[in-house]
Amino acid sequence: MAAAIVGEALLSAVVEALVGKISTEISEFYQSKKLDESLLEKLKLTLLSLHAFLDDAEEKQIKIASVKAWLDELIQALFDADDLIDDIATEALRRQVEARYHPVSSKVRKVLSSPFKWPYREINSKMQKLFERLEHFAQRAHNLPLEKGVSSNVWRATPTNSAFDDSAICGRDDERKNLREVVSVVNATQTCPLKPLVIEDCWTLISKHAFATHKCTEQSNLEETGRKIAERCGGLPLAAVALGGKSMSNHFDELDSLHGLKGLRTLTALPLEFGYMIFRHYLENEVLHELLVALKQLRVLSLSSYNNITVLPNSIGDLKHLRHLDLSFTGIKMLPPAICKLYNLQTLLLSYCRGLTELPEEMGKLVNLRRLAIDNCMNLKELPKGMGKLVNLRRLDIDGTNLQEMPLEIAKLENLQSLSRFIVSKQQNGLKLAELRKFPLLQGELCISKLENVIDPSDACQANLKEKKQIKELLLKWSHSTLEESHQVVLEHLQPSTNLKKLTVKCYGGTSFPNWLGDSSFGNIVCLRIEDCRHCSSLPPLGRLQSLKELFISGMKSVKSIGSEFYGGNSPSFQPFPSLETLTFKSMEEWEEWNMIDGITTEFPRLSHLSLRSCPKLKGNLPSNLPCLVRLDVEDCCVLESEFSGEVDNRNIMRALNVFNFNSLQQLSLFNIPSLTAFPSNGLPKALKTLSIEYCKKLEFPSHEFLQSCKALEGLRIMSSCCSLTSFPLGSLPVLKRLILWKCKHLKSISISEEAAASQSLMFLEDLQVYGCPELESISLLDSSTPNLKEGLPINLRTLGVGNEEGVYCNTAITKWGLDRLTSLSELSIKGEYLVKKLMEIQLPFGFSHLTSLKTLELVACDKLKSLPKEGLPSSISSLEIRRCPMLKASCERKKGKEWPKIAHIPFIISDIDFNFKFHEDEKAMVETNHQKEAMKKEREAQR
């Protein structure tokens with residue numbers, strides 16, 4: 001029924017759009033050319049008559065074949081009508097644009113006098129035939145069991161066998177029985193969960209949709225390929241239908257498929273996501289050209305993430321019906337001038353086209369453009385002057401570009417509702433800050449950059465930010481934090497509306513902040529960032545902001561002390577920061593004292609995350625009562641003093657942090673604190689779940705008794721820390737789920753604790769990673785004192801990563817790891833010559849077949865490895881990564897290497913910097929890790 005409602009909405013929208021277009025553009029054209037306007041009126045009445053039958057027809061088509069046939073034919077007729085009417089409207093628009101765009105000249109006169117695409121008589125003739133065709137559908141409707149204006153829009157449970165052909169369902173026999181039982185109960189509220197289809201049922205679906213009328217036996221050579229595809233569907237029926245309908249049929253019926261696509265309205269590329277990776281598609285230029293020539297009726301075209309596309313063919317200009325074009329994340333370097341012929345285009349997305357260097361000069365011809373996204377096109381340095389003609393533009397995204405200024409013509413775009421970045425120019429022909437007043441409709445996010453170019457401070461007042469009440473996020477940015485008195489006046493006049501929710505002030509060069517910043521009238525602000533304002537010696541009274549939840553302060557190099565001025569008062573009856581949840585101080589080079597308010601219970605009653613990073617001189621008296629603190633990060637704060645002695649306490653820096661008093665603390669991260677030598681004798685907070693220690697080399701690894709007291713600790717990460725650690729006792733932490741040991745340079749062994757409870761504790765461990773420990777000699781997994789403990793790694797492991805490129809782990813008996821017992825293992829990463837080679841040589845009873853859950857296998861840094869196990873790799877593997885294994889890489893070369901048959905079934909194969917997406921013969925892929933995505937976000941923030 002959901003599909004029916006969608007179809008009903010779609011058809012209704014088509015009819016309504018046709019009526020609207022006939023009433024406006026087509027009507028105006030008919031009037032100007034003195035054509036038969038009465039024909040338009042008759043056509044509108046017929047469309048409205050058809051519209052009245054649609055609701056009832058959508059519901060009855062399921063049961064009545066004649067209604068379904070009528071509706072199917074009507075859909076095509078309506079689309080044909082849309083094409084014709086759009087052709088006429090587009091041609092009329094083209095003549096208007098050309099006449100308006102060029103100055104009066106012989107060329108314009110030629111355009112104006114040039115004949116229309118069709119003779120006017122032919123237009124009337126085509127419209128008459130359209131009317132007759134649609135009128136015929138209206139007459140047929142009266143002979144069908146249809147009623148006007150009837151629609152329940154409510155799903156009515158009907159017996160399964162009367163609603164559709166039950167034999168068409170593939171698989172899920174049990175679920176079908178359950179569904180029948182559920183719908184047989186009046187007002188049933190019981191839910192029926194659907195399990196994934198089994199592989200055989202996926203194959204049945206694929207074969208039905210791929211081969212259609214062809215018999216499967218006639219396509220027997222494709223059955224093997226089809227069954228492999230079925231395995232990759234993950235039990236999802238929609239995936240099976242999609243793959244069957246598109247991928248398989250293309251192999252044996254390409255011409256028919258292309259012919260069937262000629263009326264296609266939408267073509268969208270969906271980049272495949274796999275785990276932490278995004279795989280981009282590959283499309284030959286010749287294929288792209290053929291597609292554009294064949295699919296001239298397209299309204300929506302997305303080539304997003306086709307990274308190999310660097311040039312668009314001129315045939316793009318023939319897609320005159322196109323409304324939406326997405327070229328984001330492609331390698332496009334330049335847009336062809338033909339793109340400016342897309343007069344109907346409303347959305348053009350070019351985000352992250354990092355090779356793009358310029359936009360066409362005649363962009364102004366795209367008069368219907370509503371949205372232009374060129375954000376993160378880092379090589380784009382200027383905008384065409386003709387952009388001022390884009391009078392219908394509502395949204396302009398230019399964040400992350402290398403634009404140095406914006407053309408003055410941008411000020412003509414008074415309908416702009418979203419402008420991600422406004423660049424102030426000091427050039428005479430550039431955009432001044434005062435021009436912001438010409439955008440009264442701005443809303444959402446706004447970044448004003450290069451504020452140092454404001455010559456006349458009164459321009460800031462004329463910008464009239466205070467009246468732009470729809471702006472919710474504002475970034476005020478100078479390029480450098482240069483001491484300048486005029487900055488103070490400019491910031492004072494840039495007071496925003498009190499509706500503002502997020503504010504960032506960056507590289508401000510004044511010595512103090514204006515009174516409005518921190519004023520209690522800004523009760524809607526939930527997020528505030530003050531960055532690199534190096535000349536301000538004190539913070540504004542931010543404690544008065546009643547709704548503030550997130551506060552980030554960094555680079556305040558003149559601030560030495562924080563006290564009552566920060567809280568906004570010093571009265572015991574005053575409660576500062578009533579809503580603050582996240583507080584971060586970063587790169588506060590001179591900050592020494594953090595003073596509290598006497599007599600108050602807590603300055604931060606709701607603070608859940610406190611982060612102190614690179615505050616090298618901060619000492620003593622940190623907040624002592626943070627009842628809601630869940631996460632604490634401390635980085636590069638090397639002289640925190642004990643509040644008791646007033647001196648640097650090299651034995652126990654944690655006393656000053658009072659972490660043992662924070663009963664609610666669940667996450668603790670300590671990074672680069674060289675003076676930290678010991679854990680507090682009182683133990684860690686009882687609720688602590690994750691502990692990360694990095695570059696704290698002098699910290700003594702705690703005793704066994706200390707570890708046993710950590711009853712809630714689920715995650716432990718030790719990196720380049722605890723140099724005294726020589727042996728790690730697995731099983732000593734009662735409920736540990738994740739253990740990561742990186743670069744523990746004196747670690748010699750990992751062994752199972754001698755405690756009887758160790759066996760039970762190991763049942764919790766799901767993630768074990770040990771890398772870069774050069775002295776590690778053995779991973780001993782059996783202890784004589786625990787006879788009931790089976791030999792091998794914890795059987796519930798899901799992620800295992802072990803490796804050391806420098807050492808050899810010569811005493812590590814990989815055969816005793818019990819890999820064949822790890823039936824839950826989904827990710828396995830092995831690094832280093834010895835371990836990788838041993839893993840490939842290991843003799844298991846049934847090879848790797850027991851690793852039925854293994855999805856990802858990573859082999860790193862094994863120069864001499866040539867081959868994979870004889871029995872091959874598990875069929876469950878979806879991703880294989882081979883890095884710095886040159887001989888193995890050669891052996892696994894696609895279709896040529898000796899080892900290729902062993903990995904041919906794996907869809908994602910990553911080899912060093914060469915990426916292969918082995919799913920379709922003509923497709924390759926580029927991969928983008930989570931780290932790269934995060935880098936993009938950081939890059940965008942930095943550029944803003």
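Residues numbered from 1 in each chain as written. Predicted model: local features only at pLDDT ≥ 70, side-chain atom pairs only at ≥ 80, totals over all residues. Heavy atoms only, no water.

Under the annotation held in an unreviewed UniProt entry, the protein chain carries the name Rx N-terminal domain-containing protein and is attributed to Arachis hypogaea.

### Points about the overall build of the protein chain
Scanning the protein chain from terminus to terminus reveals 22 helices and 35 strands. For the protein chain, the share of sequence-separated contacts (at least 6 apart) that also reach a separation of at least 24 residues comes to 64%. (Helix = DSSP H or I, 4+ residues; strand = E, 2+ residues; numbered from the N terminus. Contact = heavy atoms within 4.5 Å.)

### Points about the sheet that holds strand β7 (residues 371–373)
Within the open sheet, the seven strands sit side by side as β1-β4-β5-β6-β7-β8-β9. Their pairing is parallel. Only two strands of the sheet have a single partner each, and these edge strands are β1 (266–268) and β9 (418–419). In this structure, strand β8 (residues 395–397) lies alongside β9, joined through two bridges in parallel fashion. Bridge pairing in β9 links R395 to S418. (Pairing = 2+ DSSP bridges.)

### Comments concerning the confidence of the model for the protein chain
Looking at the protein chain, pLDDT values average 78 and 74% of them are 70 or higher. Across residues 212–221, where pLDDT falls below 50, the model places nine contacts with residues more than four positions away in sequence or in other chains. pLDDT under 50 marks residues 238–259. Its contacts with residues more than four places away, or in other chains, come to 37 contacts. (pLDDT = per-residue confidence, 0-100.)

### Examining the nonpolar core
Core analysis: the largest hydrophobic core is formed by 187 residues, its most contacted members being L350, L433, I448, F566, F585 and W594. Broken down by element, the residue count for this core peaks at four residues, all from helix α19 (residues 833–841). Ranked by size, the runner-up nonpolar core spans 40 residues in total, among them F29, Y30, I88 and A138. (Core = buried A, V, L, I, M, F, W, Y, C linked by side-chain atoms within 4.5 Å. Buried < 20%, exposed > 50% of the residue type's maximum accessible area, 1.4 Å probe, protein only.)

### Some thoughts on a positive patch on the surface
Residues K837, K838, K864, K866 and K898 make up a contiguous surface patch of positive charge. Structurally, K838 can be placed in helix α19. (Patch = residues over 30% accessible without salt bridge, like charges linked within 9 Å, V, L, I, M, F, W, Y side chains within 5 Å. Areas by Shrake-Rupley, 256 points an atom, 1.4 Å probe, with all protein chains shown as cover. Salt bridge = Lys/Arg side-chain N within 4 Å of Asp/Glu carboxyl O. Lys, Arg positive; Asp, Glu negative; His and termini not counted. Charge placed at Lys NZ, Arg CZ, Asp CG, Glu CD.)

### A few points about unusual backbone geometry
A positive phi angle, close to 55 degrees, is found at N672, a residue other than glycine. With relative accessibility at 29%, the residue N672 sits in the partly exposed group. In the Ramachandran plot, K895 falls in the positive-phi region, its phi being about 65 degrees despite a non-glycine side chain. Inspection of the secondary structure assignment puts K895 in the loop between α20 (886–891) and α21 (900–903).

### A look at the packing of aromatic side chains
The final tally for this structure, using the stated rule, is 19 aromatic pairs. Between the aromatic rings of F585 and W594, the centroid separation amounts to 5.4 Å while the plane-to-plane angle is 75 degrees, which identifies the pairing as edge-to-face. Among the aromatic side chains, those forming a connected cluster through ring pairs are F566, Y567, F577, F585, W591, W594 and F604. The positively charged end of R717 is found above the aromatic ring belonging to W742, 5.2 Å away from the centroid. When the ring centre of Y771 is taken as reference, the NZ or CZ atom of K831 above it lies at 4.4 Å. (Phe/Tyr/Trp six-rings, centres within 6.5 Å; stacked < 30°, edge-to-face > 60°. Lys NZ or Arg CZ within 6 Å of the ring centre and 35° of its normal.)

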